[in-house]
Amino acid sequence: MTAPRLWVNVSKIAHNARSLVDRLGARGLSVTGVAKATPGVHAISEAMVRAGVHGLGESRIDSVSSLRRAGVEAKITLVRSPMLSTLDQVVAHADVSLNTELEIIRGLSAAAEVAGRIHGIIVMVELGDLREGIMPADLVPFVQEVLRLPGVKVHGIGTNLACRSGVAPDAGKMAELSGLADRLDEVFGPILTVVSGGNSANLEWALGQGQTGRINDLRLGESILLGRDPLGNQPIHGLHTDGFTLTAEVIESKIKPRQPWGTIGRSAFDTMASVGGGGNTAQSILAIGHQDTDPAGLRPPAGIQILGASSDHLVVDTGARLLELGSEIPFQVNYSALLRAAISPFVAKVIEHQDPVSVD
Ligand SMILES: *Cc1c(COP(=O)(O)O)cnc(C)c1O
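Quantities reported herein were computed from a predicted structural model and do not represent experimental measurements.

Student: Outline the overall build of the chain, listing residues and values.
Tutor: A tally of helices and strands in the chain yields 10 helices and 18 strands. In the chain, buried positions account for 51% of the 360 residues. Across the chain, every contact between residues at least 6 apart in sequence was considered, and the portion connecting residues at least 24 apart equals 66%. Of the roughly 16,300 Å² that the chain leaves accessible, carbon and sulfur atoms contribute 51%. Averaging the coordinates of the 31 positive side-chain charges in the chain and doing the same for the 37 negative ones gives two points 2 Å apart.

Given below as structure tokens:
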């Protein structure tokens, strides 16, 4: 088999999706499943749909149209604001998009009218993380403008926290979003289908004991794929954190000195570990690097330490034992390593459908 390979255990990812759908369902929240870290691996999106997600979310219109070509009929929300240059495709393939600019929404309305469709708009509100969103004070007049447009309907409002500045989606922020939903009801009547509270960083709030208020949907990616809450990088109880494994092959294994010698300047990529100590150690090179993944996001098996990486080489210290040439080493991945591996043309993707293993 070719290496490197990204093993995708679809059963574990499906288990994560089903577990979150059930637990959030009990709290009155639906799940929009976001598989944007693994574009083109349709089996993951399809597993999310079978697990009962309310719809799928994608950040790029090419990924949306690719899912449509693969026959996916679920509701798809474009979770990044559409580019003006793509509006015809957006209304053709996505049912809903997250939006913050009236000029873009006017373009969506015009494109939808030509296509004979109605496109759903979720208006994103800025609550302090300083990525996308209109300021809360602008929401009522903004929605009033959107309601005038014939090719679109207001599907809901939403917010996104934690991704840029690490602002926590806590009870206060969610109460603020609920309050904005109430305010829109007062002015326009019950026009909102969805109040989308945020991403995987919202789970601590959502699975807690507090009131969920008007929030009725979360857009979840990392928690389904990797079983982790990105805010604290904590594993989520009852979810699999090993749905993906990235394997790489050993191409050199030697006993070498721990310390380099000669005049030392800068290396091509930042070295990740500055190794102390003298003497010799068992050092191996694996045929994987920055062209395949984010080396800093790899977790090696016990007994192996990552020393550094360049475009095509990953250097590891294996202490007392020499790795065999041609052997394959499995790594766990974080979100960044996963997404780089998923989009690298040099990494083969292998889909495994195993019976779900129970987790506690
Ligand atoms: C990526 C993204 C998500 C999913 O985020 P996770 O942290 O992976 O759950 C949700 N909403 C928006 C707007 C996104 O861009």
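And the narrative resumes.
Student: So what's going on with unusual backbone geometry? Which residues, and what values?
Tutor: With an omega of -5°, the peptide bond running from A3 to P4 counts as cis. As for its placement among the helices and strands, P4 is situated in the segment before β1 (5-9). With a phi close to 60°, L130 is a non-glycine residue in the positive phi region. For L130, a relative accessible area of 51% puts it in the exposed group.

Student: Talk me through the pairing of strand β2 (residues 30-34); I want residue IDs and the actual numbers.
Tutor: In terms of burial, β2 is a largely internal element, 4 of the 5 residues being buried. Relative to strand β9 (residues 217-220), β2 runs parallel, the two sharing 4 bridges. Across the sheet, V31 pairs through a bridge with L218, a residue of β9. The pairing of β2 with strand β3 (residues 55-58) spans 3 bridges and is parallel. Residue G33 lies in a different strand from β3, and its bridge partner there is L56. Considered for its hand, the β-α-β crossover made up of β2, helix α2 (residues 42-50) and β3 is right-handed.

Student: I'd like to hear about empty space enclosed by the protein, residue by residue, with values.
Tutor: Enumeration according to the criterion identifies 1 cavity of 30 Å³ or more in this entry. Contributing to the lining of the largest cavity are T32, H54, K75, T77, L98, I122, H155, V194, S196, D217 and R219. Breaking the lining of the largest cavity down by element, the ones donating at least two residues are β8 (194-196) and β9. Split into classes, the residues belonging to the lining of the largest cavity amount to 3 nonpolar, 5 polar and 3 charged.

Student: Tell me what's going on with the side chain of T38, and back it up with residues and numbers.
Tutor: As for its placement among the helices and strands, T38 is situated in the loop between β2 and α2. T38 gets classed as buried once you look at its relative accessible area, which sits at 2%.

Student: So what about the site of the ligand? Which residues, and what values?
Tutor: The environment of the ligand is made up of 14 residues, and the closest members are K36, S200, R219, G221 and E222. K36 has a polar side-chain atom sitting 2.8 Å from an oxygen atom of the ligand. One of the side-chain nitrogen or oxygen atoms of S200 is found 2.5 Å away from an oxygen atom of the ligand. Here the ligand, which alone exposes 390 Å², has 94% of that area covered by the protein. Among the residues making up the shell around the ligand, the classes are represented as 5 nonpolar, 4 polar and 5 charged.

Student: Got a sec to walk through the nonpolar core? Specific residues and values, please.
Tutor: Formed by 92 residues in total, the largest nonpolar core has its most connected members in I157 and F244. Per element, the largest residue contribution to this core is 7 residues, and it comes from helix α1 (residues 10-25). Ignoring any residue separated from it by four or fewer positions in sequence, one finds F244 in contact with L6, W7, V8, I13, T38, I44, L225, L226, F331, Q332, V333 and L338. Residues V79, V96, I122 and V194 belong to the second largest nonpolar core, which totals 6 residues.

Student: Give me the pattern of salt bridges: which residues, what numbers.
Tutor: For the structure shown, the criterion picks out 10 salt bridges. Salt bridges here are not isolated pairs; linked through shared partners, they connect R106, E145 and R148.

Student: How would you explain the environment of R148 if you had to name every residue and give the values?
Tutor: Relative to the helices and strands, R148 resides in the loop between α6 (139-147) and β7 (152-158). Classification of R148 by relative accessible area gives exposed; the value is 56%. Taking the C-alpha atoms as reference points, R148 and R106, separated by 42 residues in sequence, lie 9.8 Å from one another.

Student: Describe the environment of E352, and please don't skip the residues or the numbers.
Tutor: Summarising the element assignment, E352 is placed in strand β18 (residues 348-352). By relative accessible area, E352 is classed as partly exposed at 22%. Excluding its chain neighbours within four sequence positions, the residues that come into contact with E352 are W7, V8, N9, V10 and S11.

Student: Residues and numbers for α1, please.
Tutor: Between its first and last C-alpha atoms α1 spans 22 Å; for 16 residues at 1.5 Å apiece the expected length is 22 Å, and the two agree. Taken as a whole, α1 has its buried residues at V10, S11, K12, I13, A14, H15, N16, A17, S19, L20, V21 and L24. At the N-terminal boundary of α1, the capping side chain belongs to N9, with an oxygen 3.1 Å from the backbone nitrogen of S11.

Student: Please give an account of the packing of α1 against α2 that cites residues and values.
Tutor: Contact geometry for α1 and α2: axes closest at 9 Å, N-to-C directions at 35°. Between α1 and α2 lies a crossing whose hand is right-handed. The segment α1 lies against α2, with V10, I13, A14 and A17 engaging A43, I44, A47 and M48. Class assignment for the residues of the contact of α1 with α2 results in 8 nonpolar, no polar and no charged.

Rules and cut-offs
- Residues numbered from 1 in each chain as written.
- Predicted model: local features only at pLDDT ≥ 70, side-chain atom pairs only at ≥ 80, totals over all residues.
- Heavy atoms only, no water.
- Helix = DSSP H or I, 4+ residues; strand = E, 2+ residues; numbered from the N terminus.
- Buried < 20%, exposed > 50% of the residue type's maximum accessible area, 1.4 Å probe, protein only.
- Contact = heavy atoms within 4.5 Å.
- Areas by Shrake-Rupley, 256 points an atom, 1.4 Å probe, with all protein chains shown as cover.
- Lys, Arg positive; Asp, Glu negative; His and termini not counted.
- Charge placed at Lys NZ, Arg CZ, Asp CG, Glu CD.
- Pairing = 2+ DSSP bridges.
- Right-handed = clockwise from strand over helix to strand, strands pointing away.
- 1 Å grid on protein atoms, 1.4 Å probe; cavity = no way out; pocket = protein on both sides within 12 Å on 5 of 7 lines; lining within 4 Å.
- Points joined across faces, edges and corners; volume = space filled by probe spheres on them.
- Nonpolar A, V, L, I, M, F, W, Y, C, P; charged D, E, K, R; others polar.
- Near = heavy atom within 4 Å.
- Polar contact = N/O pair within 3.5 Å; in protein donor to acceptor, adjacent residues only side chain to side chain.
- Core = buried A, V, L, I, M, F, W, Y, C linked by side-chain atoms within 4.5 Å.
- Salt bridge = Lys/Arg side-chain N within 4 Å of Asp/Glu carboxyl O.
- Expected span 1.5 Å × (residues − 1).
- Axes fitted to C-alpha atoms, helices over the stretch in contact; angles between N-to-C directions.
- Left-handed = near helix turned anticlockwise from the far one by under 90°.

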